[in-house]
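As a plain string of letters, each chain reads:
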Amino acid sequence: MNKYFNILLLFLAMSVQAVAERLTIQSKGISLVIDAEKGHEPTFVYFGPKLVSASDIQPPRSGRMGLYPAYGLNTPTDAALSVRHADGNMSTTLHVTGYDTRSESNGTITTVWLKDPVYNLSVALRYRAYRDVDMIETWAEVTNGERGTVTLTQFASGMLPIRRGDVWLSHLYGSWANEGIVAEEPLLAGQKVIANKDGVRNSHTAHAEVMFSLDGKGRENEGNVIGAALCYSGNYKLRVTTDDTEYHYFCAGINEENSAYHLKRGETFTTPPLALTFSSEGLSGVSRNFHKWGRMYKLAHGDRPRDILLNSWEGVYFDINEAGMADMMREIAGMGGELFVMDDGWFGDKYPRDNDHTSLGDWVVNKRKLPHGIDGLLHEAKKNGVKFGIWIEPEMANTLSELYERHPDWVIKASRRPEVLGRGGTQVVLDLSNPKVQDYVFYVVDNLLSRYPDIAYIKWDANMSIMNHGSQYLSVDNQSHLYIAYHRGFESVCQRIRAKFPDVVIQACASGGGRANWGVLPYFDEFWVSDNTDALQRVYMQWGTSYFFPAMVMASHISAVPNHTVFRTTSLKFRIDVAMSGRLGMEIQPKNMTAWEKNLCKKAIAEYKEIRPVVQLGDIYRLLSPYDKRGVASLMYVDEAKDKAVFYWWKTENFQNEHLPRVRMAGLNPNKLYTVRELNRIDNNPLDCEGKSYSGAYLMSQGLDMPYTHDVDYNKKSDWSSRVLYLIAR
Ligand code: GLA
């Protein structure tokens, strides 16, 4: 009794002493305001455009605006954190004990210190606000100061209340070969959950990034929009709860399902960051915020334009041999490319990698296919003046591999049961929770790059989910740590690789676009958007992907027709024009191309080199969405000075004599005069706007009419037309 009486006194004392403390966290153009009154739960006050005056705040009238609500003393509401304390108590409340702000080179970190008044469990809520980009990252650090182990059953990175109105959610969904598809829906009563449970890859079926358009269905270049991205490579859960209050409650973090986390005494659990942004310039405005922040602070080599490459996969699949690789290197060099990447099929000694049934884990050159080894390939690359890259899938093994024979204990499997097998009927996932496996995965990369320092590029693939729950390394009690420990292990390996090899370019591939997220991008330079290289479907996938990721990370390759996935035949011009809106590459057997086709690609590569800084480092303005089904899709990139812009126009349907809208441009300087030059031109006659100059004002209010068909010889006619215009201010 006495104990509880003392606690009551303590509460009273704290509330008497409590002083209302309002914290304003400022990023470049956005503010986050919170109340952090000591002895009380911290509450959310405001998130939006930067406040001009401190009096500009009318605090929310809703009763429950917890900033990081813990489960147990107001059980009907949504919780960010749920804890089973060492003594079994399932209730937690977190009160402010203090806060501070310290400067960093790029902004500030504000910490709100929270503690349960009864239990020795504390949380540091962090807010990193960038000075020169519109982004605030938030995460939580939960520390167990109790006598025994506590169990975390929910551990979100952050929660953001969003005022009800006509709020629309934009998010990406899809599946293999159809990644990055845009979904837009109003937030209605109830709960919307976006989750991933793959275990390894997390962006095939859904994405950990969302946008909230606050004033009705999102528009590209106007309207108030909040953007959020959970920067994590593993399982996530994003949920929006709309209850009987005036707010939607957005909560994002690691997916807690089957992942209860036992936090030992003295240990701290750190959640991944949740990046939050706001723009009053619509969906494209939020995209520009993500892109800028990403290029400046998140992405590996975000300031370095990417090379134009040929990847061998769709050209030769597993049929790797020295002569074939040499041919491809010569061909890509001849077309002006800068890098050649040898994909799957080059490795395996006892088990040669001739198909997907064997060899993952045996990262030794197959001498039958490549008698002169990697040295021979590097020599050939040098001779042709191109860089050389190589494919690996280091997190995986096949049961038919020497690695598996040596270390069956390294694979993820449920105890007392056989492994569940993946690709090729033999694939298994290595258990990255095991430090020995981490060392091994690091060794795979270290060995390659140390022995062959001229390898400039790695395509790092991951083609399987964690299908069966079970770690042969984790203790019986900690089996539920598997998903989290896997990604901590993965990140730690990536950090070691980057510490030793800061310059190598690494692509994140995961059965196509399975690893398009801001959790991996600090270590990776780009990702493979999709195994589907069909240009028409790519318009849709790249459109969605561009919501959150800049063009420089979107590997986008010209491939053969009929397309190997959808069997559609589009014109080479159309395939080039689509690929040129991302990080341009080729995924084709050049031997099978005609001289005319090679020439067109050569010209496109030369022209892409001219526009590369604008596409890869410029600002995106999406103009007309393919999802609007108007028969055409269009977007543009504009450089920072608004001196150069690249305009893309792709037909998405083809009917004779259809009527298409004229597309108005955006992002230009209204007072500058821009001269038009068509790129990748195949028409016999120039466009009527070729060489002419138009003011930014005119281009943005009227746009330019594009002919709906190409003016070409009969044998070059195609039902797909597209245009790319380069605009240069005079
Ligand atoms: C995955 C990738 C492809 C290719 C193959 C190789 O499917 O997404 O690009 O690298 O593996 O097996």
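The following paragraphs examine the structure supplied in this document. (Residues numbered from 1 in each chain as written. Predicted model: local features only at pLDDT ≥ 70, side-chain atom pairs only at ≥ 80, totals over all residues. Heavy atoms only, no water.)

### Remarks on the overall build of the protein chain
- Across its full length, the protein chain holds 12 helices and 35 strands.
- Radius of gyration (C-alpha) of the protein chain: 27 Å, near the 27 Å computed for a compact globule of 730 residues.
- Projected onto its principal axes, the C-alpha positions of the protein chain cover 95 × 65 × 40 Å.
- For the protein chain, the residues scored as buried account for 62% of the 730 residues in total.
- Across the protein chain, every contact between residues at least 6 apart in sequence was considered, and the portion connecting residues at least 24 apart equals 70%. (Helix = DSSP H or I, 4+ residues; strand = E, 2+ residues; numbered from the N terminus. Rg over C-alpha atoms; globule rule 2.2 N^0.38 Å. Buried < 20%, exposed > 50% of the residue type's maximum accessible area, 1.4 Å probe, protein only. Contact = heavy atoms within 4.5 Å.)

### Considerations on the packing of helix H9 (residues 535-545) against helix H10 (residues 572-579)
- Contact geometry for H9 and H10: axes closest at 9 Å, N-to-C directions at 20°. When the axes of H9 and H10 are compared, the pair comes out roughly parallel. At the point where H9 passes H10, the crossing takes the left-handed sense. On H10, the residues touching Ala-535, Leu-536, Arg-538, Val-539 and Gln-542 of H9 are Phe-574, Arg-575 and Val-578.
- Class assignment for the residues of the contact of H9 with H10 results in 5 nonpolar, 1 polar and 2 charged. (Axes fitted to C-alpha atoms, helices over the stretch in contact; angles between N-to-C directions. Parallel < 35°, antiparallel > 145°, perpendicular 65-115°, else oblique. Left-handed = near helix turned anticlockwise from the far one by under 90°. Nonpolar A, V, L, I, M, F, W, Y, C, P; charged D, E, K, R; others polar.)

### Re the site of the ligand
- By nearness alone, 13 residues border the ligand, and Asp-343, Asp-344, Lys-459, Gly-512 and Asp-531 come closest of all.
- Note that an oxygen atom of the ligand is positioned 3.0 Å from one of the side-chain N or O atoms of Trp-391.
- Here an oxygen atom of the ligand and a side-chain polar atom of Asp-531 are 2.6 Å apart.
- Here the residues of the shell around the ligand are counted per class, giving 4 nonpolar, 3 polar and 6 charged. (Near = heavy atom within 4 Å. Polar contact = N/O pair within 3.5 Å; in protein donor to acceptor, adjacent residues only side chain to side chain.)

### Considerations on the pairing of strand E22 (residues 387-392)
- With 5 of 6 residues buried, E22 is to be regarded as a mostly interior element.
- Sheet topology places strand E21 (residues 339-342) next to E22; 4 bridges connect them, and they run parallel. The partner of Phe-340 across the bridge, within E22, is Phe-388.
- Between the parallel elements E21 and E22, the chain passes through helix H5 (residues 373-384) in a crossover that is right-handed.
- Summarising the sheet, E22 and strand E25 (residues 455-460) pair through 5 bridges and their orientation is parallel. Its bridge partner lying in E25, Trp-391 is registered against Lys-459. (Pairing = 2+ DSSP bridges. Right-handed = clockwise from strand over helix to strand, strands pointing away.)

### A few points about the pattern of salt bridges
- If you walk through the whole model with that rule in mind, you get 45 salt bridges.
- In this structure, Lys-264 engages Glu-267 in a salt bridge whose closest nitrogen and oxygen atoms are separated by 3.9 Å.
- Given a relative accessible area of 49%, Lys-264 falls into the partly exposed group.
- Judged by relative accessible area, Glu-267 falls into the partly exposed class, the value being 29%.
- In this structure, Glu-610 and Arg-677 form a salt bridge, with 2.9 Å as the shortest nitrogen-oxygen distance. Taken together, the residues Glu-610 in helix H11 (residues 595-617) and Arg-677 in strand E33 (residues 673-679) connect sequence positions 67 residues apart.
- In the salt-bridge network here, residues are joined through shared partners; they are Lys-573, Asp-577, Glu-678, Asp-683 and Arg-723. (Salt bridge = Lys/Arg side-chain N within 4 Å of Asp/Glu carboxyl O.)

### Notes on unusual backbone geometry
- In the segment running from Val-561 into Pro-562, the intervening peptide bond is cis, with an omega of -5°.
- One can find Pro-562 in the loop between strand E28 (554-559) and H10.
- Within the chain, Asn-258 stands out as a residue other than glycine whose phi angle is a positive 55°.
- Look at Tyr-317: it is not a glycine, yet its phi comes out positive at around 50°.
- Position of Tyr-317 among the secondary structure elements: in the loop between helix H3 (313-316) and helix H4 (322-334).

### A closer look at the sheet that holds strand E3 (residues 43-49)
- Ordered by their spatial adjacency, 3 strands build an open sheet running E1-E2-E3, and the pairing between neighbours is antiparallel. Every interior strand has two partners, whereas the edge strands, strand E1 (22-26) and E3, have only one. Neighbouring strand axes in the sheet, compared pairwise and without regard to direction, differ in orientation by 15° on average.
- Here strand E2 (residues 30-35) pairs with E3 via 6 bridges, running antiparallel. Considered in E3, the bridge of Asp-35 is made with Thr-43.

### So, the sheet that holds strand E30 (residues 619-624)
- Pairing within the open sheet is antiparallel, and its 6 strands lie in the order E30-E31-E32-E35-E33-E34. Edge strands, defined here as strands with exactly one partner in the open sheet, are E30 and strand E34 (693-695). Pairs of neighbouring strands in the sheet enclose a mean axial angle of 25°, with direction left out of account.
- Pairing geometry for E33 and E34, over 3 bridges, is antiparallel. Directly across from Leu-673, in E34, lies its bridge partner Ser-695.

### Some details on the nonpolar core
- Within the largest apolar cluster, 135 residues are counted, with the highest numbers of intra-cluster contacts made by Trp-346 and Phe-388.
- Beyond its immediate chain neighbours, meaning those up to four positions away, Phe-388 contacts Met-329, Leu-339, Phe-340, Met-342, Ile-374, Leu-377, Leu-378, Ala-381, Asp-454, Ile-455, Ala-456 and Tyr-457.
- If you look at the next biggest cluster of nonpolar residues, it comprises 62 residues, including Tyr-68, Leu-94, Leu-121 and Ala-252. (Core = buried A, V, L, I, M, F, W, Y, C linked by side-chain atoms within 4.5 Å.)

### Side note on the side chain of Asp-343
- With respect to the helices and strands, the residue Asp-343 is situated in the loop between E21 and H5.
- Exposure remark for Asp-343: the relative accessible area of 2% places this residue in the buried category.
- One polar contact links Asp-343 to Asn-311, side chain to side chain, over a distance of 2.9 Å.
- Polar side-chain contacts of Asp-343 include one of 2.7 Å to the side chain of Lys-459.

### A short note on the packing of aromatic side chains
- Taken as a whole and judged by the stated rule, the model has 27 aromatic pairs.
- Look at Phe-347 and Trp-363: their rings are 4.3 Å apart centre to centre, the planes differ by 40°, and that puts the pair in the tilted class. One end of the pair, Phe-347, is in the loop between E21 and H5; the other, Trp-363, is in the loop between E21 and H5, with 16 residues separating them in the sequence.
- Taking relative accessible area as the criterion, Trp-363 reaches 11% and is therefore assigned buried.
- Seen from their ring centres, Trp-363 and Trp-391 are 6.1 Å apart, and the 55° between their planes marks the pair as tilted. Of this pair, Trp-363 sits in the loop between E21 and H5 while Trp-391 sits in strand E22; the two residues are 28 residues apart in sequence, bridging distant segments of the chain.
- Residue classification places Trp-391 among the buried residues on the basis of a relative accessible area of 0%.
- Of note, Arg-496 hangs over the ring of Phe-442, and the distance from its end group to the ring centre comes to 4.4 Å.
- Geometry around Phe-490 places Arg-515 over its ring, the cationic atom sitting 4.1 Å from the centre. (Phe/Tyr/Trp six-rings, centres within 6.5 Å; stacked < 30°, edge-to-face > 60°. Lys NZ or Arg CZ within 6 Å of the ring centre and 35° of its normal.)

### A word on the environment of Lys-28
- When you line up the elements, Lys-28 lands in the loop between E1 and E2.
- A relative accessible area of 44% means that Lys-28 is categorised as partly exposed.
- Each C-alpha atom of the pair Lys-28 and Tyr-130 lies 6.5 Å from the other, and the pair is 102 residues apart in sequence.
- Those residues in contact with Lys-28 that lie beyond four places of it in its chain are Lys-50, Tyr-130, Arg-131, Asp-132, Val-133 and Asp-134.

### Some thoughts on the layout of surface pockets
- Roughly 570 Å³ of internal volume is contained in the largest pocket.
- Around the largest pocket, the lining comprises 24 residues; the ones closest to its centre are Glu-220, Asn-221, Leu-623, Leu-624 and Asp-628.
- For the lining of the largest pocket, the residue count by class is 12 nonpolar, 3 polar and 9 charged. (1 Å grid on protein atoms, 1.4 Å probe; cavity = no way out; pocket = protein on both sides within 12 Å on 5 of 7 lines; lining within 4 Å. Points joined across faces, edges and corners; volume = space filled by probe spheres on them.)

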